[in-house]
Amino acid sequence: MKLCKEFLPISKEDLKKRKIEQLDFIIVSGDAYVDHPSFGTAIIGRTLEAQGFTVGIIAQPNWHDCEDFKKLGKPKYGFLVNSGNIDSMVNHYTAAKKTRREDLYSPGGEAGHRPDRSIIVYCNRIREAYKDVAIAIGGIEASLRRFAHYDYWDNKVRRSILVDSKADLLMYGMGEKTIIQIADLFRYGASIKNITTVRGTCYLTKDISNIKNAVTVPSFEEVSTGTKAYGEAYKLEYYEQDSINGRTIIQNYGDRYLVQNPPQEDLTQAEMDMTYDLPYTRTYHPTYEAKGGIPAIQEVEFSITSHRGCFGSCSFCALTFHQGRVIQNRGQESIIDEAKLLTTLPNFKGYIHDIGGPTANFRHRACNKQIEHGTCKNKQCMFPAPCKNLTIDHTEYLSLLRKVRTLPGIKKVFIRSGLRYDYLIHDNNEAFFKELCEHHISGQLKVAPEHVVPRVLNQMGKPTKDVYDKFVNKYFKLNKQVDKNQFLVPYLMSSHPGSDLNAAIELAEYIKQMGYTPEQVQDFYPTPGSLSTTMYYTGVNPITGEQVYIPRTSEEKDMQRALIQFAVPKNHLKVKKALLKANRGDLIGNGKDCLIGFTPGKLGYQGKNKNNSKSSTDNLNNNSSDYSNRKSATGKNNNTNIKTSSNKNSNVPKNTSDINSKSSKNNLGNSSNKNTKNSSRKNSNTKKRVH
């Protein structure tokens, strides 16, 4: 594994230096150009380069006219367009539809360097510049908007982005194999209009007579006017996202049909190694230095992607539609070589920030059945309980961590990409859990129980509260054994489908007994491609057919979020309003079970955790952060087609109604003022989300 000394061309001067008269492909991206394997643009560019093609980059072009799109000339084969590592609308707006003030993928973190619905805008400008040029779109925005989809910002169903962008071809999922196959077809003289058989692509056609063994889903006209049809379409699409048993999907748009070919074949371990062994400069382009560089590189500069995919299948995560449920991993030798390379970088201080993926401890396929038969359509690997065929084994991952942490020049190897605690707690071998506590946590471990109420957890696809409590007890027990004073940071979600005020209050009561005020709260964010978004739009779980309560008004969402942080004085009026509306005035006052006092700042009886609760409140980072932005800000698992998809981005999912106060109080009530404060400061720019 070697460090590359040259970036891909971004100007005519670069082309002259390399003696390139015409580029084969030009990648247009909504992100600034960072040549690192956590960024889809870099991976696709370097993959094509390794196949002998010439590639240029137009990063964050001025979209107000078409001049920037001409600066590298007309490509021989075509433009490859993506919006960046995050959907451009998620990048621009919070869950409350307020404009974000920063963009971690832009110079100096400045917002405003890309348009809303970037792919559509970029494609329109390219068509202005070169009417007959081939255009293929990809990345997270294209991948999750490939069918007719509910759009939270317009509050309506939009057409496939392939239709609206007027591109010729759409690539979805992780795209190294797909782009190589397409590029080879171009090299042998194929026209993009005739590229209709490549897996992992969508195209438009007026003739479907030759398509066999396809699934036809309700048309755009049907899904845009009826929620029942929308739910039916989503369910059919959801069931076909497997590379082994997934079938072609057809959706009608007037006189044309959108055709999704089956998902691309999974990468073998050798192919994954090849992707990450390619030469990258591993930093942002020097043109951004004057503005302080690109903040997104900070989280991933010294992190290593070990695998892709996730079989957790949380309802609010779109990974099923993007990376898929089958784990594709790198070999240990490739990962160790990358770790050795990191030790040679000038800013490396001896700390590897992460070795993981969408879920750090999912290093292998869920079961051997998936090798030949793919994933189960009607069953989940982890929900409502681990499947009897699930292989629960951390041995190989632990072996990898041991090897990396003993390399010369490496002081510590942390795991920060998130762990599935419900997978970890079912491993009868404690070795990994114990060494995790001893060697791989930097003071606190982030996990995502998300909620505690059964009816909400059922819609989230998350395990029961009892599983979380069991994990918490084991975590602190093992920390004591290795003589570590480390903490847990639980991520919780408000306003998810299924959560009403009573459920939010029940969660607040659990939090009170934890003696810990959550520093981050995720408001449910309906983003394209997730099961939870379909529930939000239709009011029905399309998989089970059950009616689901949906908190829709901003007033109720504000109250649910405030309840999670009930101890924050500024939330007093919202919490009080919520309690009165739910006829829970018994939780207002000075009693030991009360959430708030009669006046702001009077928290009522806090039990033996009074000081800890107060200190957590005083140092609270009270900024709501949506899941997809926290997860995608790392860019780590976003290596897709033309893409910048979210490897770690995107959007992701995770009981009893009684409160287990004893275990909660003893375990989570131990977080200190210092810990909370440092955590808030540390994560203000990364916005990571765990599983």
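Whatever comes next refers back to the structure up there.
Residues numbered from 1 in each chain as written. Predicted model: local features only at pLDDT ≥ 70, side-chain atom pairs only at ≥ 80, totals over all residues. Heavy atoms only, no water.

Chemist: It is not clear to me how the overall build of the protein should be interpreted in this structure. Could you clarify?
Modeler: Per the secondary structure count, the protein includes 27 helices and 22 strands. Within the protein, the proportion of its 691 residues that are buried is 66%. If you sum the accessible surface of the protein, you get close to 25,300 Å²; carbon and sulfur atoms cover 48% of it. (Helix = DSSP H or I, 4+ residues; strand = E, 2+ residues; numbered from the N terminus. Buried < 20%, exposed > 50% of the residue type's maximum accessible area, 1.4 Å probe, protein only. Areas by Shrake-Rupley, 256 points an atom, 1.4 Å probe, with all protein chains shown as cover.)

Chemist: Can you walk me through the pairing of strand 4 (residues 78-81) in this structure?
Modeler: Strand residues, when the strand is regular, have side chains that alternate between the two faces of the sheet. By the alternation rule, side chains of strand 4 split into Gly 78 and Leu 80 and Phe 79 and Val 81, which are all buried. Where strand 1 (residues 25-29) meets strand 4, 4 bridges bridge the pair, whose relative direction is parallel. Note on strand 4: the bridge partner recorded for Ile 26 is Phe 79. Bridge count between strand 4 and strand 5 (residues 135-137): 3 bridges; the pairing is parallel. The residue of strand 5 that forms the bridge with Phe 79 is Ile 135. (Pairing = 2+ DSSP bridges.)

Chemist: Just checking my understanding: could you explain the packing of helix 9 (residues 227-239) against helix 21 (residues 531-538) for this structure?
Modeler: Packed helices, taken two at a time, are described by their axes: the angle between them and the distance between them. With their axes 10 Å apart at the nearest point, helix 9 and helix 21 run at an angle of 170 degrees to one another. As far as their axial angle goes, helix 21 and helix 9 are roughly antiparallel. Along its contact with helix 9, which presents Thr 227, Tyr 230, Gly 231 and Tyr 234, the element helix 21 presents Leu 531, Thr 534, Tyr 537 and Thr 538. Tallied by class, the residues present in the contact of helix 9 with helix 21 amount to 4 nonpolar, 4 polar and no charged. (Axes fitted to C-alpha atoms, helices over the stretch in contact; angles between N-to-C directions. Parallel < 35°, antiparallel > 145°, perpendicular 65-115°, else oblique. Contact = heavy atoms within 4.5 Å. Nonpolar A, V, L, I, M, F, W, Y, C, P; charged D, E, K, R; others polar.)

Chemist: Would you take a moment to explain the sheet that holds strand 21 (residues 487-494) for this structure?
Modeler: Taken in spatial order, the 3 strands make up an open sheet running 20-21-22, and their pairing is parallel. Every interior strand has two partners, whereas the edge strands, strand 20 (444-450) and strand 22 (521-523), have only one. Ignoring which end each strand starts from, the neighbouring axes of this sheet average 25 degrees apart. Bridging between strand 20 and strand 21 involves 5 bridges; their strand directions are parallel. Within strand 21, the residue paired with Leu 445 across the bridge is Leu 488. The sheet contacts of helix 19 (residues 465-481) involve strand 20 and strand 21, and relative to strand 21 the element is tilted by about 160 degrees. Running over the sheet, helix 22 (residues 554-564) touches strand 21 and strand 22 and is turned about 165 degrees from strand 21.

Chemist: I would appreciate a short explanation of the packing of aromatic side chains in the present structure.
Modeler: Two aromatic rings are characterised by how far apart their centres lie and by the angle between their planes. Counted under the stated rule, the structure contains 32 aromatic pairs. An angle of 80 degrees between the planes, with centres 6.1 Å apart, marks the rings of Phe 53 and Tyr 77 as edge-to-face. Here Tyr 77 lies in the loop between strand 3 (55-59) and strand 4 and Phe 53 lies in the loop between helix 2 (40-50) and strand 3, a separation of 24 residues in the sequence. Among the residues examined, Phe 53 registers a relative accessible area of 4% and is labelled buried. The buried category is assigned to Tyr 77, whose relative accessible area is 13%. Seen from their ring centres, Tyr 421 and Phe 471 are 5.5 Å apart, and the 40 degrees between their planes marks the pair as tilted. Linking Tyr 421 in helix 16 (residues 421-424) with Phe 471 in helix 19, this pair joins segments that are 50 residues apart in sequence. Here Lys 97 stacks its cationic end above the ring of Tyr 152, 4.5 Å away from the centre of that ring. In this structure, Arg 552 is placed above the aromatic ring of Tyr 536, and the distance from its NZ or CZ to the ring centre is 5.1 Å. (Phe/Tyr/Trp six-rings, centres within 6.5 Å; stacked < 30°, edge-to-face > 60°. Lys NZ or Arg CZ within 6 Å of the ring centre and 35° of its normal.)

Chemist: What is the right way to look at the sheet that holds strand 8 (residues 169-171) in this model?
Modeler: Strand order across the open sheet formed by 9 strands is 3-1-4-5-8-9-12-11-10, with mixed pairing between neighbours. Taken across any chain shown, the strands that pair with only one partner, and hence form the sheet edges, are strand 3 and strand 10 (214-217). The mean inter-strand angle of the sheet, taken between neighbouring strand axes irrespective of direction, is 25 degrees. Strand direction decides the pairing type here: strand 10 and strand 11 (residues 248-253), joined by 4 bridges, are parallel. Among the inter-strand pairings, Val 215 is bridged to a residue of strand 11, identified as Ile 249. Its contacts with the sheet place helix 2 against strand 1, strand 3 and strand 4, and it is angled at close to 175 degrees to strand 1.

Chemist: In this structure, what is going on with the pairing of strand 12 (residues 256-260)? I would like to understand it.
Modeler: Pairing geometry for strand 9 (residues 201-205) and strand 12, over 4 bridges, is antiparallel. Paired with Cys 202 across the two strands is Gln 260, which belongs to strand 12. In textbook terms, the turn of a hairpin is the stretch between consecutive antiparallel strands, and for strand 11 and strand 12 this stretch comprises 2 residues, one of which, Gly 254, has a positive phi near 65 degrees.

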